[in-house]
Amino acid sequence: MDARPVMRSDPMQVAPVLPPARMGTPVPRTVLLVNPFYPKDVNASFGKHVLTPTLALTSLAGATPPEWRVRYWDENLLQGPPPLDEVPHVVGITVHLTFARRAYALAAWFKAHGCIVVLGGLHALSCPDEVQAHADALCMGNGVPVWPRILKDIERGQLQPRYSAEYRDYAADPPPDRSILPDYGFLTPASLIATQGCHNRCDFCYLATGDTRIKYQMRTPAQVAEDFRATGAPYGVFVDNNLGSSRRYLRELCQALAPLEKIWSAAVTLDVTDDPALVREMALAGCTGVFIGFESLTDDNIRAAGKKSPRAEDYAQRVEIFHRNGIQVNGSFVLGFDHDRPDVFENLARWIEDTRLECATFHILTPYPNTPLFRRMEAEGRLLHQDWSLYDTAHCVFRPTHMSPEQLEQGYAWIYRRLFSLSSIWARRPRQASAVLPYLAMALLYKRSNFLWRFLIRHRLTHKVWAPLVQLTRLRHLRYRRRLAREGSLPGHMVSPIRPSV
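Here the structure is a predicted model, which is why all the values come from computation and not from measurement.

Asker: Would you mind showing me how to read the overall build of the protein here?
Answerer: Each helix and strand in the protein was counted, giving 18 helices and 14 strands. Whereas a compact globule of 502 residues would reach a radius of gyration of roughly 23 Å, the protein reaches 23 Å, a difference of no more than 12%. For the protein, with 502 residues in total, the buried portion stands at 55%. Sequence separation of 24 or more characterises 75% of the internal contacts of the protein that already satisfy a separation of 6 or more. Carbon together with sulfur atoms contributes 55% to the accessible area of the protein, which is approximately 21,900 Å² in total. Taken together, the 59 basic and 49 acidic charged side chains of the protein have centroids lying 5 Å from each other.

Asker: Would you explain a positive patch on the surface in this entry?
Answerer: On the surface, Arg476, Arg479, Arg482, Arg483 and Arg486 cluster together into a patch of positive charge. Mapping Arg479 onto the fold places it in helix α17 (residues 462-487).

Asker: It is not clear to me how unusual backbone geometry should be interpreted in this structure. Could you clarify?
Answerer: Where the residue is not glycine, phi is negative for most of them; where a peptide bond is considered, it is trans in most cases. Non-glycine residue Arg29 carries a positive phi angle of around 55°. Take Arg29: its relative accessible area is 39%, and that puts it in the partly exposed class. Although it is not a glycine, Thr393 adopts a positive phi angle of roughly 65°. Mapped onto the fold, Thr393 is located in the loop between α12 (372-379) and α13 (405-419). Residue class for Thr393 comes out buried when judged on its relative accessible area of 13%.

Asker: So what exactly am I meant to see when it comes to the sheet that holds strand β14 (residues 359-364) here?
Answerer: The strands that make up a sheet are held in pairs by hydrogen bonds between backbone atoms, and each pair lies either parallel or antiparallel. Reading across from one edge, β7-β10-β11-β12-β13-β14 is the order of the 6 strands in this open sheet, with parallel pairing throughout. A single partner strand is all that each edge strand has here, and the edge strands are β7 (191-192) and β14. Summarising the sheet, β7 and strand β10 (residues 235-238) pair through 2 bridges and their orientation is parallel. By the bridge assignment, Leu192 is partnered in β10 with Phe238.

Asker: Where do I start with the pairing of strand β2 (residues 69-74) in this structure?
Answerer: It is a general feature of regular strands that their side chains alternate between the two faces of the sheet. For strand β1 (residues 27-35) and β2, the ladder comprises 6 bridges, and the chain directions are parallel. Residue pairing across strands places Val34 opposite Trp73, the latter belonging to β2. Read from β1 through helix α1 (residues 55-63) to β2, the crossover connection turns out right-handed.

Asker: Help me out: how do you make sense of a nonpolar patch on the surface in this one?
Answerer: Taken together, the side chains of Leu445, Leu469, Leu472 and Leu475 present a nonpolar region at the surface, about 320 Å² in accessible area. Take the nonpolar patch: its biggest share by element is 3 residues, from α17. Residue position: Leu475 is located in helix α17.

Asker: How should the environment of Pro259 be read in this particular structure?
Answerer: Inspection of the secondary structure puts Pro259 in the loop between α7 (247-257) and β11 (263-267). Under the relative-accessibility criterion, Pro259 is labelled exposed at 63%. Taking the C-alpha atoms as reference points, Pro259 and Asp153, separated by 106 residues in sequence, lie 43 Å from one another.

Asker: Explain the nonpolar core here, please?
Answerer: What tends to happen in soluble globular proteins is that the nonpolar side chains get buried as a cluster. Among the nonpolar cores identified, the biggest contains 74 residues, and Phe238, Trp264, Met282, Phe294, Phe322 and Phe362 are the most heavily contacted of them. Of the residues forming this core, the biggest block, 6 residues, is contributed by helix α11 (residues 344-355). Core analysis: the next-biggest nonpolar cluster, separate from the first, contains 41 residues, Leu60, Ala61, Leu187 and Trp453 among them.

Asker: Would you mind going over the state of the cysteines with me for this structure?
Answerer: Structurally, a disulfide amounts to a covalent bond that connects the sulfur atoms of two cysteines. A complete count under the given rule lists 0 disulfides for this structure. No disulfide involves Cys139; its sulfur sits 16 Å from that of Cys127, the nearest cysteine. The thiol sulfur of Cys287 is not disulfide-bonded, and the nearest other cysteine sulfur, from Cys254, lies at 7.5 Å.

What counts and what doesn't
- Each chain carries its own residue numbering, running from 1 in the written order of its sequence.
- Owing to the predicted nature of the model, reporting of local features is limited to residues with pLDDT of at least 70; listing and counting of side-chain atom pairs is limited to 80 or more, with chain, interface and lining totals taken over all residues.
- To get the side-chain values, all heavy atoms of the structure are used, and hydrogens and water are removed first.
- Here a strand is any run of E in DSSP of at least two residues, a helix any run of H or I of at least four, and the numbering for each starts at the N terminus.
- Taken over C-alpha atoms, the radius of gyration is set against a globule rule of 2.2 Å times the number of residues to the power 0.38.
- Whether a residue is buried, partly exposed or exposed follows from its accessible area with a 1.4 Å probe, protein chains only, as a fraction of its type maximum: under 20%, in between, or over 50%, in that order.
- Two residues form a contact once any of their heavy atoms are found within 4.5 Å.
- For every accessible area listed, the method is Shrake-Rupley and the probe measures 1.4 Å; residues are considered covered only by the protein chains on display.
- Working convention for charge: Lys and Arg count positive, Asp and Glu count negative, and His plus the chain ends are omitted.
- In plain terms, the charge of a residue is placed at NZ if it is Lys, CZ if Arg, CG if Asp and CD if Glu.
- Here the term patch refers to residues with relative accessible area over 30% and no salt bridge, with like charges joined within 9 Å and nonpolar side chains (Val, Leu, Ile, Met, Phe, Trp, Tyr) within 5 Å.
- What makes a salt bridge here is a side-chain nitrogen of Lys or Arg within 4 Å of a carboxyl oxygen of Asp or Glu, nothing more.
- Think of it this way: DSSP has to see at least two bridges between two strands before they count as a pair.
- Crossovers are marked right-handed if the path from the first strand over the helix to the second runs clockwise, as seen with the strands pointing away from the viewer.
- Here, the term nonpolar core denotes a set of buried Ala, Val, Leu, Ile, Met, Phe, Trp, Tyr and Cys residues that are joined through side-chain atoms within 4.5 Å.
- Note on terminology: disulfide denotes any pair of cysteine sulfur atoms within 2.5 Å.

That is the geometry; function is a separate question.
This is the structure we're talking about:
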């Protein structure tokens, strides 16, 4: 007899098994919206995968006619495959590059039960023919305005194979319906969006896919503030590509958010520090953290990618403007640009520690399908394969210029180990003594506790455990905000130490 213990698969790495499918009787006018499982990068924090729910699906729920009943299932909450206690009439599945294979498996499974399957999402923009082969209907572009029409066509028995909508009249979209979300699943249910589009068109970004043109649009600040207030959550995360594309708009938004006395974080580009007074207004409005795509410390890499950005030599001084206003910085960096050499990892780690970035996120350069970067690398014969499941920014799928694919992957894993080490976390602690303890709690719980995240997610404890910590952070920031307001327009906050960016 074999007495060896049976190794159980890691639920963060392996999708739940789908039970055998059998034809059922769908319940009329019922919708199930599904976010498929995807493997989690073991180098990074598992916590980021349950920070907020997908805004795409709650937005579809908000656009669903009232006579339809909507349910939601996120396989990444580790509760198993989607339930079939009742067979839904319509199943909407979002498809992303890295979990396309899982989305297709789910589509086939639901079809076998007699469901009508509608697929949409980013991968539908880049590879529409591939996605459509697995769907009863494909939704391309902004699904919110066409979703009611899809459901109406289903009722009439006139479902079309493909629907598309441009990104227009964004402010007219109905607010997301978060009532479909499980109350246990996320650090905060308040995933927010105020703007669409970005003033950059980087050749590696999914916004540069094919002929995609997302006009820069804004919801009114009052709309956004009301959406945030209605969530009831003390902390919100803006999922905009760049909340700071229009500084005038960002200033008006801050004025609308300040009375809520909530805290929030957002992605902005570094050039927002051209106006230090605006950074201060962000802090006074509740901004506690920003996600910034530095991408590279080499200006030639930035220029080659087509991104407008300040000079790399000014990065550290610009980070200090955020720090002077109590705003933490999560820096995003891309590894494997054509001007990167094997010393890029050590040099980048040292700079992050010297600059005291509270958090850093790394991505191996990945040529998303139908982007300018993909087309260039394909023409140069540099693509290693087209296995989309590995196009996850944690694997090297192309041939780098100055190192081997293996060196790039090893360097990627090394820099995460370095930045998540206790010595690096301590080296990057804030200079302000009162901020050290909250920073250490965030760094240790968020970045060094994947074993804990696995337990919290699986046992439905994510929100319960984090809610008190979020409230403490909000109260602490309110005290800081009052102190910052009392300081007035001090020269140290208002004068930029570097020249304006392009």
